[in-house]
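Structure at a glance
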Amino acid sequence: MTVHNSAYDLAQLQAIFRDGEEEARLAHVQRLTQQPEDLEERRAVLALLIEVMGDDSWQVRKEAVASTLCWSDKELLAHALVDAMSEPDNIGRRNAVIEGVMKLGPICIDPLLAALTHKPEHRKVLVDVLGTYGDIRVIPALGQALLDEDANVRTAAMEQLASFSSEEVVPALRAGLRSPDMLVALAALDGLNRQHVVLPIAEVLPLREAVALRPAMMTSLGYSQDVAAVPLLVDALIDKARGAREAALVALHRLYQQLDGKGRQLVIDSARRLDEMAIRSSLRALLEATPPVRQATAALLGWTGRREMLRPLVLALGDADSNVSETTGLAIVQMGIDAVSVLCDMLPTLDPRSRASAFHFFHRQAAAITDEGLRSRIRSLIG
């Protein structure tokens, strides 16, 4: 039952929440799930519940939020809780209020937007919460927050914008690429990359000067569908930063798949001109990196056409990731009949695990090997 039917009852509640034991405070806050019928009393009890959200006990704070969310007057809750987000000192209350705002949902968007227009001290929190709803109505306000004088607000706004998948956010993200704030530019580029947005190379090339932005820039080049990105990605294969090198590998593999025959031949020709430093760097990636990087590295080693790459590629044939092993098999086939013949010659020298991987490769790629003499030799090897 509720216990707030009069001002006297409300005064009693205030005393209990101020001086009572935790068990008593918890029991009384759990009884406040029904909103008062009188509007003024409703406001008074809600103010009390928000006060209780700063209780020393996390259980009491949690129940205060739960009781509040049971009320049917969501408009009143939205405005009161958004106003309470300005709590300057009590971290427990501030966190409980934010939890309530997020659980209330999009009904809080209008009060949040109204609060943000006044640029309060806690506007970063407002920006953070606005982005969680995934509602495109907040995009203009987040775009405006990119101009805030507070770097933390700018970064928060860009991070929230980058979380949207809607095309409506793309202009704001592209504008963020020109920000002098590196964190804003990085968040913008990450958001565009997540949506696989095709950007002109000239638009992302200026970001190359910032080391922290290079991996995301390489990823963007991989989505460019532009053959002009090939030399840029090839050059990045020897970047001093490992993150940029690996991002370039994956991007080059992705770009290859997007290009036509002439573009793909340019990738292959570029790979065959790689120097030893680039090859050694790529070999390390084949053994140590994540599956997408290993997959891209296997493709690259195949493009080089170098016979000495067969042995590391045989190791990759047994990779635990099916995409890596499949791409490795295709890379060996792409190296030509002579390479497959050399692999046949290598079989007696391979360890049992690598030999099994080679046999599996022969079974999988049988249809791709058209030379009848070689097919006959393979059949004799695998029985």
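Residues numbered from 1 in each chain as written. Predicted model: local features only at pLDDT ≥ 70, side-chain atom pairs only at ≥ 80, totals over all residues. Heavy atoms only, no water.

1. Some thoughts on the overall build of the chain
A tally of helices and strands in the chain yields 24 helices and zero strands. Its C-alpha radius of gyration of 31 Å places the chain more than 25% over the 21 Å reference for a compact globule of 383 residues. With the principal axes as the frame, the chain shows a C-alpha extent of 100 × 45 × 30 Å. Counting all 383 residues of the chain, 50% fall into the buried class. Here the contacts in the chain between residues at least 6 apart in sequence split such that 64% fall between residues at least 24 apart. Carbon and sulfur atoms make up 52% of the accessible area of the chain, which amounts to about 18600 Å² in all. (Helix = DSSP H or I, 4+ residues; strand = E, 2+ residues; numbered from the N terminus. Rg over C-alpha atoms; globule rule 2.2 N^0.38 Å. Buried < 20%, exposed > 50% of the residue type's maximum accessible area, 1.4 Å probe, protein only. Contact = heavy atoms within 4.5 Å. Areas by Shrake-Rupley, 256 points an atom, 1.4 Å probe, with all protein chains shown as cover.)

2. Observations regarding the packing of helix α12 (residues 182–194) against helix α14 (residues 214–222)
For the pair α12 and α14, the least separation of the axes is 10 Å and the interaxial angle reads 30°. Taken as axis vectors, α12 and α14 run roughly parallel relative to one another. Note on packing geometry: the crossing formed by α12 with α14 is left-handed. The residues of α14 that touch α12, namely those facing Leu186, Leu189, Asp190 and Asn193, are Ala216, Met217, Thr219 and Ser220. (Axes fitted to C-alpha atoms, helices over the stretch in contact; angles between N-to-C directions. Parallel < 35°, antiparallel > 145°, perpendicular 65-115°, else oblique. Left-handed = near helix turned anticlockwise from the far one by under 90°.)

3. Describing the pattern of salt bridges
If you walk through the whole model with that rule in mind, you get 20 salt bridges. One connected set of salt bridges, linked through shared partners, spans Lys119, Arg123, Asp148 and Glu149. (Salt bridge = Lys/Arg side-chain N within 4 Å of Asp/Glu carboxyl O.)

4. Focus on the nonpolar core
Core analysis: the biggest nonpolar cluster contains 128 residues, and Val101, Leu112, Leu161, Leu221, Leu233, Leu252 and Trp303 have the highest contact counts within it. Among the elements that line this core, the one with the most residues is helix α16 (residues 242–258), at eight residues. In this view, Leu221 contacts Ile201, Val204, Ala229, Leu232, Leu233 and Leu255; residues no more than four positions away in its chain are not counted. (Core = buried A, V, L, I, M, F, W, Y, C linked by side-chain atoms within 4.5 Å.)

5. Points about helix α6 (residues 91–104)
Under the 1.5 Å per step criterion, the end-to-end length of α6 is 20 Å for 14 residues, consistent within 8% with the ideal 20 Å. Arg93, Ala96, Val97, Ile98, Gly100, Val101 and Leu104 are the residues of α6 that are buried. Those residues of α6 that are buried are in contact with α3 (39–52), α4 (58–69), α5 (74–84), α7 (109–117) and α8 (123–130). If you check the start of α6, you find a side-chain oxygen 3.1 Å away from the backbone N of Gly92, and it comes from Asn90. A positive phi of about 95° marks Gly105, the residue just after α6. (Expected span 1.5 Å × (residues − 1). Polar contact = N/O pair within 3.5 Å; in protein donor to acceptor, adjacent residues only side chain to side chain.)

6. What to know about the environment of Val333
One can find Val333 in helix α21 (residues 322–334). The sequence separation of Val333 and Ile109 amounts to 224 residues, and the corresponding C-alpha distance is 57 Å.

7. Comments concerning helix α22 (residues 337–346)
Looking at α22, one finds that the buried residues are Ala339, Val340, Leu343, Cys344 and Met346. End-on view of α22: buried residues confined to an arc of 160°, all on one side of the axis. (Arc of directions from axis to C-beta.)

8. Side note on the packing of aromatic side chains
On inspection of all chains with the given rule, the structure shows two aromatic pairs. Ring geometry for Tyr256 against Trp303: centres 4.7 Å apart, planes inclined by 40°, an arrangement best described as tilted. Taken as a pair, Tyr256 in helix α16 and Trp303 in helix α19 (residues 291–304) lie far apart in primary sequence, 47 residues in all. Of the two residues, Tyr256 and Trp303, both sit in the buried class. Over the ring of Tyr256 we find Arg264, and its NZ or CZ is 4.8 Å from the ring centre. (Phe/Tyr/Trp six-rings, centres within 6.5 Å; stacked < 30°, edge-to-face > 60°. Lys NZ or Arg CZ within 6 Å of the ring centre and 35° of its normal.)

9. Details of the packing of helix α2 (residues 22–29) against α4
Between α2 and α4, whose axes approach to 9 Å, the crossing angle comes to 10°. One element, α2, and the other, α4, form an angle in the roughly parallel class. On α4, the residues touching Glu22, Arg25, Leu26 and Val29 of α2 are Gln59, Val60, Glu63, Ala64 and Ser67. Within the contact of α2 with α4, the residues separate by chemical class into four nonpolar, two polar and three charged. (Nonpolar A, V, L, I, M, F, W, Y, C, P; charged D, E, K, R; others polar.)

10. Concerning the confidence of the model for the chain
Should the pLDDT be low somewhere, the predicted coordinates at that spot are not to be read in detail. With 97% of its residues at a pLDDT of at least 70, the chain reaches an overall mean of 90. Contacts for the low-pLDDT stretch residues 1–5, under 50 throughout, to residues beyond four places or in other chains number 17 contacts. (pLDDT = per-residue confidence, 0-100.)

11. Section: the side chain of Ser67
Position of Ser67 relative to the elements: it lies in helix α4. Accessibility expressed as a relative area gives 1% for Ser67, which makes it buried. Residues in contact with Ser67, not counting those within four places in the same chain, are Val29, Gln30, Leu32, Thr33 and Leu49.

12. Section: unusual backbone geometry
In this structure, Lys119 takes a positive phi of about 50° despite not being glycine. Among the secondary structure elements, Lys119 is positioned in the loop between α7 and α8. Unusually for a residue other than glycine, His196 sits at a positive phi of about 55°. With respect to the element layout, His196 can be found in the loop between α12 and α13 (201–204).

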